[in-house]
Amino acid sequence: MTKKERYLKVIEWFSENMPSPTTELHYDTPFHLLLAVILSAQCTDKRVNMVTPALFEAFPNPETLAGASEEDVYSFIKSVTFPNNKTRHLIKAAKILKEDFNGEMPSDIEGLMKLPGVGRKTANVMLAVVWNKAAMAVDTHVFRVSNRIGLTDNSKTPLATEKTLVRYFPEDIIATAHHWLILHGRYVCKARTPDCENCGLTHTCKHFNKIKTKNSVKVSKPEKSVKRVVKSKNSQKSAKKMSSDSKTKNKS
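Just so we're clear, the structure is a prediction, and the values are computed from it rather than from any experiment.

A. The packing of aromatic side chains, seen in detail. Within this structure, the stated rule accounts for five aromatic pairs. Taking 5.1 Å as the distance between ring centres and 75° as the angle between the ring planes, the aromatic pair formed by W13 and F14 counts as edge-to-face. The aromatic ring of Y168 is capped on one face by K3, whose charged end is 5.6 Å from the ring centroid.

And the structure:
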């Protein structure tokens, strides 16, 4: 199967089984989505969604957050991972939005990456979710799933994965494909225990077919061993019979 054929099959399956995927982070404005995405770094969306309602109510815009103290912000997000660093990132990002962008959210990757706590992945999430731009955010799920299925060829970095995915996915579905791969990795193609039995992509998945081939080899080896044992036993029986026949002739 060529790479192009694999992409077509993946697109066909996801289009039928996950036609309208969306982010699982809750938000009401682009600014609040930014806060949620920053908080989601190495933290589950579920946990982030538990703390953001109160955070959003307290800080509806960059101006209010820019004037907050670290103690105030920390009290809202203390249950997420790395709350001290994220507290500083949120406040500094709000200050830059207020001072350099007039309180507006930049809609380009360069502007977004000027904000503390915003790397390439977070910037691409914003571009894809808010503006539906052809941006591919590569997190651990996207990185893992892409390599397993065979959409990438053992990419070593998130950037290499991003470039390959953007090259092969049609531009108009890149933002959607980002959600496909994240959700598939989160609920089916899990890191430690991929649920291959309930995966609809096994027909095109390199990882699954590799395991399938290995298992068939493992099964065939014992069968060969059994055949050798049977053959050996038959040989022993034949030898005993020949020996017995020889002794009978000698007696006669």
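B. Inspection of the pattern of salt bridges at higher detail. Tallied over the full model, the rule gives five salt bridges. Residue R186 pairs with D45 through a salt bridge whose shortest N-O separation is 3.1 Å. Placement of the pair is R186 in helix α11 (residues 174–187) and D45 in helix α3 (residues 45–58), with a sequence separation of 141 residues. Judged by relative accessible area, which is 24%, R186 ranks as partly exposed.

C. View of unusual backbone geometry. For N102, which is not a glycine, the phi torsion comes out positive at approximately 55°. With respect to the element layout, N102 can be found in the loop between α6 (83–100) and α7 (109–112). In this model, N154 sits at a positive phi of 55°, which is unusual for a non-glycine residue. With respect to the element layout, N154 can be found in the loop between α9 (140–149) and α10 (158–168). Under the relative-accessibility criterion, N154 is labelled exposed at 54%.

Definitions and cut-offs
- Residues numbered from 1 in each chain as written.
- Predicted model: local features only at pLDDT ≥ 70, side-chain atom pairs only at ≥ 80, totals over all residues.
- Heavy atoms only, no water.
- Phe/Tyr/Trp six-rings, centres within 6.5 Å; stacked < 30°, edge-to-face > 60°.
- Lys NZ or Arg CZ within 6 Å of the ring centre and 35° of its normal.
- Salt bridge = Lys/Arg side-chain N within 4 Å of Asp/Glu carboxyl O.
- Helix = DSSP H or I, 4+ residues; strand = E, 2+ residues; numbered from the N terminus.
- Buried < 20%, exposed > 50% of the residue type's maximum accessible area, 1.4 Å probe, protein only.

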